[in-house]
Each structure stands twice: as C-alpha cells, then as structure tokens.
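One-letter residues, chain by chain:
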Amino acid sequence: DGVQPGQGGLGIVKAATAEIGNKEEPKNSDYIKYNDWYYGEHKKAQWCAIFVTYIASKTGYLGTEIPKTAGVKPMQQYFVQKGSWRAARRGYDPKPGDIVIFQYDAPGDYGHVAIVVDYNASTGQVTTIGGNEGHGDPEGGRVKRQTYASKDSASIAGYGKINCKEDANTSGILKRKNYNEQIK
C-alpha cells in the first residue's frame, strides 16, 4: 500500500484510504480482519476504534498519538489526558490524520470514531474514513469514506489532534484546499 511509518497526517490518510471497501463477512456480523488483528483470534466485536488503532499501528503512531483501544470513550479520554482533545464548536479546524469522535444522544455519549481525510474551510465540510460504517444497511459494515456538512455537525463531539512532527515538512500539502488529490 506504499505507506511507511512516520509519514504524518498524509501517511495516516494514505493507510486509511488503502482500506476502503473492506467489509464484514458475513454482512452485518462484526467479523472483519481488524478484529482478528486486535484480538488475535476471529472475534465478533464493534470495530470502529479498532480500525483507527490498526491504522495507527501501520503508520507508527500507535501509543504515541493514538491509543490501542477497542472503545470510543477510552480513545476520547486518551486525547483529553494527552492535551490533544479539541471539542467541536470551539473554532478548531481539523487536519488530515486527526481523529474525529462522534456522539449520540447526549454529550459524552461517544459512539463512533473515524479518521479525518479532508476539511474544506470554504464549505465547512469534513470528510472522513471510518471502519464499521454502514452497519445494518444492505451492504453491511465496511470501511467507507463519509462527508459531513460541517466540522461542527451536531453528531461530532470533537477531534483528537494528531501531532506528527513529519507534518511540519508537508504543511504546504496539508493546507491545500483539495487534500484528496495528494493521496491518489
């Protein structure tokens, strides 16, 4: 897949992009290769956080920028403890490679996590790649790209800011309006 550890946000996005289309077998079963990797056995489990953990392991950021966890809430707590949590609706512009955490009915009810691929400052849209997307629909859970109307959509709790020293060398790329063109 051409991803080498230590490529910053660009490497995280490249690694996630290479996984698009992987899906549960059988459909809607929660059986997927990421759970096999995480648990060391063929196990049924919710896997959005495990997908993010898997990408972190492929890019060299597991345990330094992104925790090894199967849970969304522990992932959010890790970012808070590390000082890299950026709550939504507080002016933070997410960067490619950041981790977006979604909440459900109430603040603190964290239920999903994905990787930021792109943020378009002129439209406010944020594009992500996540695991366990589409669970319950006819295609079943899979790795999928999604676009949200706003970086501050009500379902977005906030972002785990990824501080990759390598991004200092690619800041021109990361600030481009169409970041997706850089990962093709």
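Placed above this text is the structure.
One structure accompanies this document, and this report is about it. Everything numeric here is computed off the predicted structure, so don't read it as measured data. Throughout, a residue's number is its position along its own chain's written sequence, starting from 1. Since the coordinates come from a predicted model, pLDDT governs what is reported: local features require at least 70, and pairs of side-chain atoms require 80 or more to be given and counted, while whole-chain, interface and lining totals use all residues. Derived side-chain values reflect all non-hydrogen atoms in the structure, with water molecules and hydrogen atoms excluded from consideration.

## Re the side chain of E24
Next up, step 1: Only runs of H or I of at least four residues qualify as helices and only runs of E of at least two qualify as strands under DSSP, and these elements are numbered from the N terminus. Mapped onto the elements, E24 comes out in the loop between α1 (8-17) and α2 (33-39).
Next up, step 2: Three exposure classes are used, based on accessible area relative to the maximum for each residue type with a 1.4 Å probe and protein chains only: buried under 20%, partly exposed in between, and exposed over 50%. Within this scheme the basic residues Lys and Arg register as positive and the acidic residues Asp and Glu register as negative, but His and the chain ends are omitted. The term salt bridge refers to a side-chain nitrogen of Lys or Arg lying within 4 Å of a carboxyl oxygen of Asp or Glu. Here E24 is buried and forms no salt bridge, its nearest opposite-charge partner R142 lying at an N-O distance of 8.1 Å.
Next up, step 3: In protein, a polar contact means a hydrogen-donor-capable atom and an acceptor-capable atom, both N or O and within 3.5 Å, with residues adjacent in sequence counting only if both atoms are side-chain atoms; elsewhere, any N or O pair within 3.5 Å suffices. A distance of 3.0 Å separates a polar side-chain atom of E24 from the backbone nitrogen of N28.
Next up, step 4: Whether two residues are in contact is decided by their heavy atoms: any pair within 4.5 Å suffices. Sequence-distant contacts of E24, defined by excluding residues within four places in its chain, comprise S29, D30, Y31, I32, W47, N132, H135 and G141.

## Digging into the sheet that holds strand β1 (residues 85-87)
Next up, step 1: What the six strands build is an open sheet, ordered β1-β6-β2-β3-β4-β5; its pairing is antiparallel. The outermost strands of the open sheet, each flanked by one partner alone, are β1 and β5 (142-148). Between one strand and the next, the sheet's axes are offset by a mean angle of 30 degrees, whatever the strand orientation.
Next up, step 2: Direction of pairing for β1 relative to strand β6 (residues 156-160): antiparallel, over a ladder of three bridges. By the bridge assignment, A87 is partnered in β6 with G158.
Next up, step 3: Axis definition: a line fit to C-alpha positions, over the contact stretch in the case of helices; interaxial angles, taken between N-to-C directions, run 0 to 180 degrees. Seen against the sheet, α1 touches β3 (110-119), β4 (126-133) and β5 and runs at an angle of roughly 110 degrees to β3.
Next up, step 4: Packed onto the sheet, helix α3 (residues 48-59) meets β2 (99-103), β3, β4 and β5 and runs at close to 45 degrees relative to β3. Being paired, for any two strands, means DSSP has found at least two bridges between them.

## Examining unusual backbone geometry
Next up, step 1: Between E25 and P26 the backbone carries a cis peptide bond, its omega angle lying at -5 degrees.
Next up, step 2: Mapped onto the fold, P26 is located in the loop between α1 and α2.
Next up, step 3: Positive phi, normally seen in glycine, also occurs at D30, with a value near 70 degrees.
Next up, step 4: The phi angle at N132 is positive, at roughly 60 degrees, despite the residue not being glycine.
Next up, step 5: Mapped onto the fold, N132 is located in strand β4.
Next up, step 6: Residue N132 is classed as buried on the basis of its relative accessible area, which comes to 8%.

## Section: the pattern of salt bridges
Next up, step 1: Per the stated rule, a full pass over the model turns up five salt bridges.
Next up, step 2: The residue E65 makes a salt bridge to K82 at a minimum N-O spacing of 3.3 Å. Separated by 17 residues along the polypeptide, E65 in the loop between α3 and α4 (72-82) and K82 in helix α4 bring together distant segments of the chain.
Next up, step 3: Note that D93 and K151 form a salt bridge whose closest N and O atoms lie 2.5 Å from each other.

## A look at the packing of aromatic side chains
Working definition: an aromatic ring pair is given by the centre-to-centre distance plus the angle between the planes.
Next up, step 1: In this analysis, rings of Phe, Tyr and Trp, with Trp reduced to its six-membered ring, are considered paired at centre separations within 6.5 Å, and the interplanar angle assigns stacked below 30 degrees, edge-to-face beyond 60, and tilted for intermediate values. Counted according to the given criterion, the structure contains 10 aromatic pairs.
Next up, step 2: With 4.9 Å between their ring centres and 80 degrees between their planes, Y38 and Y39 make a pair best called edge-to-face.
Next up, step 3: For the pair F102 and Y148, a centre-to-centre distance of 5.1 Å together with 45 degrees between the ring planes defines the contact as tilted. Taken together, the residues span a long stretch of sequence, with F102 in strand β2 and Y148 in strand β5 at a distance of 46 residues.
Next up, step 4: Each member of the aromatic cluster is reached from another via a ring pair, and the members are Y34, W37, Y38, Y39, W47, F51 and Y54.
Next up, step 5: The side chain of K68 reaches across the aromatic face of Y38, ending 5.4 Å from its centre. In this analysis the charged atom, NZ for Lys or CZ for Arg, is taken to sit over a ring once it is within 6 Å of the ring centre and within 35 degrees of the ring normal.

## Looking at α3
Next up, step 1: How far a helix is expected to stretch is found by multiplying one less than its residue total by 1.5 Å. Relative to the 16 Å expected for 12 residues at 1.5 Å per residue, α3 spans 17 Å between its end C-alpha atoms, a close match to the ideal helical length.
Next up, step 2: Of all the 12 residues making up α3, 10 are buried; the element is thus mostly covered by neighbouring parts of the structure.
Next up, step 3: Regarding α3, the residues found buried are C48, A49, I50, F51, V52, T53, Y54, I55, A56 and T59.

## Regarding the nonpolar core
Next up, step 1: To form a nonpolar core, buried Ala, Val, Leu, Ile, Met, Phe, Trp, Tyr and Cys residues must be joined to one another through side-chain atoms within 4.5 Å. In terms of nonpolar packing, the biggest core is built from 34 residues, with F51, M75, I99, I101 and V113 touching the most fellow members.
Next up, step 2: Where this core is concerned, the elements lending two or more residues are α1, α2, α3, α4, β2 and β3.
Next up, step 3: It is α3 that contributes the most residues to this core, eight residues altogether.
Next up, step 4: Ignoring any residue separated from it by four or fewer positions in sequence, one finds V113 in contact with C48, A49, V52, V72, M75, I99, V100, I101 and F102.
Next up, step 5: A88, Y92, A114 and I156 belong to the second-largest nonpolar core, a separate cluster that totals 10 residues.

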